[in-house]
Amino acid sequence: MRILIASPIFPATIEKLQEEHDVVCAFNAKREELKDLIRDRQILTFRSGVSITADVMACSPDLKLLIRAGSGIDNLDEDLVHGRGIQLVRIPEPGAKAVAEMSFALMLALARNLLQADRLLRQGKWAKHELTGYLLTGKTLGIVGVGNIGSRVGRLGAAWGMEVIGYDKVVSPAMVADLKEKGIRLSTFDEVLYRSDVLSIHVPLCESTRYLFNAETLAGMKRGAFLINLARGGVVDERALCHELREGGRLRGAALDVHEEEGDGKMSPLAKLPNVILTPHIGAGTIDSQREIGKRIMQIIASFSAKQELVRSQARIQAA
Ligand code: MLT
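Rules behind the numbers
- Residues numbered from 1 in each chain as written.
- Predicted model: local features only at pLDDT ≥ 70, side-chain atom pairs only at ≥ 80, totals over all residues.
- Heavy atoms only, no water.
- Helix = DSSP H or I, 4+ residues; strand = E, 2+ residues; numbered from the N terminus.
- Buried < 20%, exposed > 50% of the residue type's maximum accessible area, 1.4 Å probe, protein only.
- Contact = heavy atoms within 4.5 Å.
- Lys, Arg positive; Asp, Glu negative; His and termini not counted.
- Charge placed at Lys NZ, Arg CZ, Asp CG, Glu CD.
- Near = heavy atom within 4 Å.
- Polar contact = N/O pair within 3.5 Å; in protein donor to acceptor, adjacent residues only side chain to side chain.
- Areas by Shrake-Rupley, 256 points an atom, 1.4 Å probe, with all protein chains shown as cover.
- Nonpolar A, V, L, I, M, F, W, Y, C, P; charged D, E, K, R; others polar.
- Core = buried A, V, L, I, M, F, W, Y, C linked by side-chain atoms within 4.5 Å.
- Axes fitted to C-alpha atoms, helices over the stretch in contact; angles between N-to-C directions.
- Parallel < 35°, antiparallel > 145°, perpendicular 65-115°, else oblique.
- Left-handed = near helix turned anticlockwise from the far one by under 90°.

Colleague: For this particular structure, what's the right way to read the overall build of the protein?
Modeller: When helices and strands are counted, the protein shows 12 helices and 12 strands. Dimensions of the protein along its principal axes, counting C-alpha atoms only, are 80 × 50 × 35 Å. Relative to its 320 residues, the protein shows a buried fraction of 47%. Summarising the internal contacts of the protein: among those between residues at least 6 apart in sequence, 60% fall at separations of at least 24. Across the protein, 42 positive and 39 negative side-chain charges occur, with their mean positions spaced 3 Å apart.

This is how it looks when you write it as structure tokens:
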């Protein structure tokens, strides 16, 4: 098969694919380069950080399979993909485990001032009595978006002795039962805002979630709360968040793994604030998760390639 790998994936997966297929790798390619490289490709695998826009798709007449090596598809023109009958396969599970753990890592780092503690110690300052933090145990953890990732975060919170409340736009009866079993009580968006000591965001980016956390909704949050965003940058208005994190604002701290602007040289307005932790979209980036995603990519391509071969041999028989 002719494959374009447009974002870094597990290196051993690339090596194995190269043994059997015609593989082109183009990480961080600009749009024009992508348009050029995709021309004869049948399969495209990609992650966040690359935009698969309509004009890129227009240059890919042979494209039959899109593999999203992760979860979010906000960087893809989904209608166009379906309209052209291109198969789209997402691999959300492995990354979900890593993102949920990262949410917890950020919660603990915020609550216990871990980054400041490390910085001060390296400067020779023994701030044992200044660096008082907060317990998570006994606090309320709010989750906006209780799907695959959010429900995992909730389960971790419940295990940590937190009261966990969650909100989602659409919840099926099966989900309600599953969430209850994980220790998550469903609530309204407003209650999650005003009751949560820690609020973790896990919604996809779409029209209804763009700037879901804006000046108005952030002002509805509990005074002294921590906000964590591992979903997508566009879900939080960073300027409004800056306002609530400054002296006199409602929030005690925030941690963001995703940003309105991502990539080398891009600087979040939140970078000026000391009570903020910023990471470069590494939530799903554990070796374990990426290895698992790599294995799934191999399986997906193997089964797709076998089906293509079957179609070709049937066409040969009919032609004979
Ligand atoms: C995802 O949606 O799975 C994450 O953004 C991870 C990634 O693709 O980098």
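Still more ground to cover, so stick around.
Colleague: Sorry, what's going on with the site of the ligand here?
Modeller: Around the ligand, the neighbouring residues are Arg-47, Ser-48, Arg-68, Gly-70, Ser-71, Gly-72, Arg-232, His-281 and Ala-284. A distance of 2.9 Å separates an oxygen atom of the ligand from a polar side-chain atom of Arg-232. Within the side chain of His-281, an N or O atom sits 2.7 Å from an oxygen atom of the ligand. In the complex, the protein chains occlude 89% of the 260 Å² of accessible area that the ligand would expose alone. Of the residues assigned to the shell around the ligand, the class counts are one nonpolar, five polar and three charged.

Colleague: Where do I start with the nonpolar core in this structure?
Modeller: It is characteristic of soluble globular proteins that their nonpolar side chains tend to be buried jointly. Ranked by internal contacts, the top residues of the largest apolar core, which has 28 residues, are Leu-199, Ile-201, Phe-213, Leu-227 and Leu-241. Here the element with the most residues in this core is helix H11 (residues 238–245); it accounts for four residues. Counting residues in each nonpolar core, the second largest holds 24 residues, with Ala-111, Leu-179, Ile-228 and Leu-230 among its members.

Colleague: How should the packing of helix H1 (residues 11–20) against helix H12 (residues 287–319) be read in this particular structure?
Modeller: Any two packed helices are characterised by how steeply their axes cross, that is the angle between the axes, and by the distance between the axes. Where H1 meets H12, the closest approach of the two axes is 9 Å, and the angle between their N-to-C directions is 20 degrees. By the angle between their axes, H1 is roughly parallel relative to H12. For the pair H1 and H12, the crossing hand works out as right-handed. Only Gly-294, Lys-295, Ile-297, Met-298 and Ile-301 of H12 make contact with H1, whose side of the interface consists of Thr-13, Lys-16 and Leu-17. When the residues that make up the contact of H1 with H12 are grouped by side-chain class, the tally is four nonpolar, two polar and two charged.

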